[in-house]
Structures are given as C-alpha cells and as structure tokens.
Amino acid sequence: MAAAMRVAAAGGRLGVLAGGFRTTLRGLCSQPVTVMERIEGKRRAALQGGGQRRIDAQHKRGKLTARERIHLLLDPGSFVETDMFVEHRCADFGMDADKNKFPGDSVVTGRGRINGRLVYIFSQDFTVFGGSLSGAHAQKICKIMDQAMTVGAPVIGLNDSGGARIQEGVMSLAGYADIFLRNVTASGVVPQISLIMGPCAGGAVYSPALTDFTFMVKDTSYLFITGPDVVKSVTNEDVTQEQLGGAKTHTTMSGVAHRAFENDVDALFNLREFFNYLPLSNRDAAPVRECHDPSDRPVPELDAIVPLESTKAYDMLDIIHSIVDEREFFEIMPNYAKNIIIGFARMNGRTVGVVGNQPKVASGCLDINSSVKGARFVRFCDAFNIPLVTFVDVPGFLPGTAQEYGGIIRHGAKLLFAFAEATVPKVTVITRKGAVEIIFKGRQDVEAAQAEYIDKFANPFPAAVRGFVDDIIQPSSTRARICHDLDVLVSKQAHRPWRKHANIPL
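Because the structure is predicted, anything quoted here is derived from the model rather than measured. (Residues numbered from 1 in each chain as written. Predicted model: local features only at pLDDT ≥ 70, side-chain atom pairs only at ≥ 80, totals over all residues. Heavy atoms only, no water.)

Trainee: Help me understand the sheet that holds strand β2 (residues 107-114), please; the structure alone is not making it clear to me.
Mentor: Hydrogen bonds between backbone groups are what pair the strands of a sheet, and the pairing can be parallel or antiparallel. Strand order in the open sheet formed by seven strands is β1-β2-β3-β4-β5-β7-β9, with mixed pairing between adjacent strands. Looking at the sheet topology across the chains shown, the edges are occupied by β1 (80-82) and β9 (259-261). Sheet twist, expressed as the average angle between the axes of neighbouring strands with direction ignored, equals 25°. Here strand β4 (residues 155-159) pairs with strand β5 (residues 192-196) via five bridges, running parallel. The residue of β5 that forms the bridge with I156 is I193. (Pairing = 2+ DSSP bridges. Helix = DSSP H or I, 4+ residues; strand = E, 2+ residues; numbered from the N terminus. Axes fitted to C-alpha atoms, helices over the stretch in contact; angles between N-to-C directions.)

Dropping the structure here:
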C-alpha cells in the first residue's frame, strides 16, 4: 500500500512536471511568433510612413510619397532598404510618446539599380514630421553615402524636407554637418545628384548645393535660405515662395538648379535617362553602350548651316544634334546663361561632355554666368573621365561696366583654368569666329579694310600654318572625325606635377 502510494505520488509529481514542461514549451514556441509579429508590425508601420491621412495629403499636393518615388526611379524589385527600423531618440517635448515614433523615421534609405547599374539612394518622407532632419535621419543618410564611396556607386537624394527638426536642437544641426562632410568627401569620387521634390530650406539647401547636379520639380519644390516671412521682416520685401526659391528662379536667374521638370513622374523618368550618361565612380571610364548610328555617318547639312556673314546668327544646338548619336542631347542648365551650351551626348556609343558657344544669344560672348556654368561642367567631366567635345564660335568676353564690376576677369579665368586643368580627351571644333567690323569702325574704307583682314586672319589658314589647329575639315565629315579622334584618345594618359590641390580662382 505504501509502495502504491509512493508510485502514485511520483506519478502525480511527474504529471505536474510534464504539465509545467508543456507550458514552458508552449511559451518558448510562441515567443518567436511574437517577435515575428512585432517585426512585421514595425515593417507595416514603416511602409505606411506618417499614415494614410498624410499620404492622401501628399497626393493631393500632386506629389508622390518617398517610397513611390524610389520604386518609380529604380528597376522593379531592385530596391534593398537599410535601417527600416531606426527610430529617432529624442525624448524632449513629448517626442518619446509612442504616437511620435515612426519606424525608419523621416527618410527611406537603401540601394538599388537603374538599368541594371548600382546606385545608393535616400528619399525624405514628408509624411513623417514634414521630412525634418533628426539625428537618426542624418545617420541613415551618412551610412548609405559611406557605403556608396566604399563600393564606388553614385548617390541620389530625393529631397522633400521642412528642414531641421527643432525638437532635437543641436543634434539636428550636427546631423547636417555630418552630411555636408560626406558631400565634400564624395565630391569627385562618386557622382552625387539631388532632386528637389518639395521644400528645402535653411541649412538643408547646402547639401544639394554641394552635390554635382541639382534638379527641381516645377510648382512643388523650393530652395531658399530663409522663407518669405523672414525676408519680409528683415528687408520688407513681399515675395512668394515660388518667386523666392521656385524652380523658375533657380533655373533661369540664380543658376542653383540645373534643370526643372513638370512633375514627380517626369522628373524621375528624366533622372533615369540622365543617370545612363554617368560612370559609377571616378575609377570607371565613361560609359559605352551599343550604337546603331554609324560613326562615319556624313552630316551634309553642316556644309550650309553656318552663315558666311560673321554677324548672322545660327543655332549651335542644330550642329550638336546633327553630330551626336541618334540626335540625343541631354542639355544641362538650358535656361541659364544661354550664351553657352553644356550637356551630355554620345559619340559612337561613348558618353561625352559637350560645350558650345551659342551665337543666337549675345553673339556667343562669354560673360560671368556662362564662364562659371561652363567651368563647373568641364571640371565634372574631367573628374569622372568623360571626354570633352567643344564647339567654338566666340567673339570674346562681354564688355561693359556690369561685367567688369562683377569680376569678369576672375570668373572668366575659371573657364580657362578648368579647360587647362582637364586631362580627359578634348576635341575642339571651331565653327566660326570674329566680329571684324568692330575693329575698323569709323574708318572711311571699312569694306576694303574688312576684306584685307578676312584675307589675312578671318579664315582657318593662318592658324593651320602655325600649327594651332590640327586640320581643316569639310563640315559634313565632322562626326566621323570626332568619333575617330575619340577612339584614338581613349588610352590618353596625362601626368601633372604633385600637389595637394590646385587653387582655382573661385
């Protein structure tokens, strides 16, 4: 009987132990499910950004969300997001409340591909605290910029931010400093592109200003140091956001932005096209793609396109379009300093940077704005191994007190410096030059003097005799000659004396 009771007691204890083990086992088994549920919950929250109401408000303004922009820009299925679960760490002013915590904070970061080519990207999310920059926001951007420099890939920033997150104070400002440092460190190492798709004000404007190219969206994007209210209080000027820092202002007057597009979709599709012209880093040669436009194609229209009269204007864009592959030319800053043309094209499939005087505007004279515009473009091409093709028809620098007082000597020197500094292949086509009648103005025998000057100097022979030009070619053969010379120059190597850096006349 006692033995039976001991067995029963043991059985009872065994049952209790077994029951406890089952309870523990169930708890252990259910724990990963709970974690997974939390992960999926956070992921869903991150994908929602600031919530459906704010997403709808973004759409009502005619703007896409941060994630919609990324998925439209990148190849389908190529986006790999980083730091989706990062949250801001501010505890002041009620920011530590759960309702103020958003997974991923106010920026979406990661990497993807455009036409199969690697790119790193960040897209500011206006639905989360107006896209304002926090310490965590800056940390995410800095991380992908560091990774881009490590592997040698471009960085694209889609800007849509109200500026610094004031609740974080100095931490937010320090975040800008970290980003600026990366912008400068990456300059000339990997291409950096900014697309302004909403407000960008205060200190935030200097990151796009430090990148290689800045594009804007018409009517919805703004760039300014201080807004209209501050301007009114300080200078008593009444000005709208669009007048102060809209796309038209920066693409036609200030030269801060390189191009403007109609809407988000148009901007992102154009950005995909533009990206194809660029190498991934300074270690890569200019991109080459298959070309179906014969390199030796004659261009007969060039034989008659340049007027014989030096005072008669023509459109240099007609010459550029007729020479480059498939007539495709991606012009940069088309509405600013129109007396000089810059942009990207292809010659026999290879990306080239094109620079040309525009006789239709100010007779193609160089001024302050055109000199700075051309110099920056030439230096970008040189930094990233992109050959330069230059079309010259320039009577000289624009005269006048406005230009002299504005520093045309210093600014004009920038363009000279940039061309002289460049070590990439350079091919120059002189289409026409000179304004002979200015030299003999006031003389009795103007026509005879002009004829004598033209015979002596205003033709290609004096320069050719002295070896200042390599050849005098038939205009219709220009494309074939440029393509041939670029093929020869592909192995060009130039060496400069060691120096820390040059001292361009800024």
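Trainee: Just checking my understanding: could you explain unusual backbone geometry for this structure?
Mentor: A negative phi holds for most residues other than glycine; trans holds for most peptide bonds. With phi around 75°, D219 is a residue other than glycine that occupies positive phi space. Topologically, D219 is positioned in the loop between β7 (213-217) and β8 (222-224). Using a relative accessible area of 57% as the deciding quantity, one classes D219 as exposed. (Buried < 20%, exposed > 50% of the residue type's maximum accessible area, 1.4 Å probe, protein only.)

Trainee: Would you take a moment to explain helix α10 (residues 264-275) for this structure?
Mentor: Turn by turn, an α-helix covers 3.6 residues, leaving residues three or four places apart pointing in a common direction. Relative to the 16 Å expected for 12 residues at 1.5 Å per residue, α10 spans 16 Å between its end C-alpha atoms, a close match to the ideal helical length. Buried within α10 are the following residues: D264, A267, L268, N270, L271, R272, F274 and F275. The residue sitting at the N-terminus of α10 and contributing the capping side-chain oxygen is N263; that oxygen lies 3.2 Å from the backbone nitrogen of V265. (Expected span 1.5 Å × (residues − 1). Polar contact = N/O pair within 3.5 Å; in protein donor to acceptor, adjacent residues only side chain to side chain.)

Trainee: Teacher, can you tell me more about the confidence of the model for the protein chain here?
Mentor: Close inspection of predicted coordinates is inappropriate for parts of the model with low pLDDT. Chain-level pLDDT for the protein chain is 89 on average; 91% of the residues reach the 70-or-more range. The model gives residues 21-26 a pLDDT under 50, and that stretch makes zero contacts with residues more than four places away or in other chains. (pLDDT = per-residue confidence, 0-100. Contact = heavy atoms within 4.5 Å.)

Trainee: Any chance you could explain the packing of aromatic side chains here in plain terms?
Mentor: In this description, a pair of aromatic rings is defined by centroid distance and the angle of the planes. In the structure shown here, the tally under the stated rule is 15 aromatic pairs. Each ring, one from Y277 and one from F344, has its centre 6.2 Å from the other, and the planes form 25°; the classification is stacked. With Y277 in the loop between α10 and α11 (302-305) and F344 in strand β11 (residues 340-347), this residue pair connects regions lying 67 residues apart in the sequence. Each member of the pair, Y277 as well as F344, is classed as buried. In this structure an aromatic cluster arises from ring pairing among F213, F215, F261, F274, Y277, F330, F344, F377, F380 and F384. Over the aromatic face of F126 sits the side chain of K63, whose NZ or CZ is 4.6 Å from the ring centroid. The ring of Y277 is capped by R346, whose NZ or CZ atom sits 4.1 Å from the centre of that ring. (Phe/Tyr/Trp six-rings, centres within 6.5 Å; stacked < 30°, edge-to-face > 60°. Lys NZ or Arg CZ within 6 Å of the ring centre and 35° of its normal.)

Trainee: So what exactly am I meant to see when it comes to the nonpolar core here?
Mentor: Proteins that are soluble and globular tend to have nonpolar side chains buried together. Ranked by internal contacts, the top residues of the largest apolar core, which has 49 residues, are I156, L195, F274, I332 and F344. Residues contacting I332, with those up to four places away along its chain left out, are F213, H258, F274, I342, G343, F344, K373 and F377. Counting residues in hydrophobic clusters, the runner-up holds 23 residues, among them F122, A138, V205 and A247. (Core = buried A, V, L, I, M, F, W, Y, C linked by side-chain atoms within 4.5 Å.)

Trainee: Could you clarify how one ought to interpret the sheet that holds strand β13 (residues 388-392) in this entry?
Mentor: As summarised here, the arrangement of the five strands in space is β10-β11-β12-β13-β14, forming an open sheet in which the pairing is mixed. Either end of the sheet is taken by a strand with one partner, and the two such strands are β10 (330-332) and β14 (426-430). Along the sheet, successive strands turn relative to each other by an average axial angle of 25°, direction set aside. Alignment of strand β12 (residues 350-357) against β13, held across four bridges, turns out to be parallel. Bridge pairing links V355 to T390 in β13. With respect to the sheet, helix α13 (residues 368-383) is in contact with β10, β11, β12 and β13, its orientation differing from that of β11 by roughly 25°.

Trainee: Quick question: what am I supposed to make of the pairing of β13 here?
Mentor: Judged by how many residues are buried, β13 sits mostly within the fold: four of five residues are covered. Here β13 runs beside β14; their pairing, made up of five bridges, is parallel. Considered in β14, the bridge of V389 is made with V427.

Trainee: Got a minute to help me understand helix α15 (residues 408-421) in this structure?
Mentor: Counted at 1.5 Å a residue, the expected span for α15 with its 14 residues is 20 Å, and the 20 Å between its end C-alpha atoms agrees. If you check which residues of α15 are buried, you get I408, H411, G412, K414, L415, A418 and E421. In this structure, the buried residues of α15 make contact with α13 and α14 (401-406).

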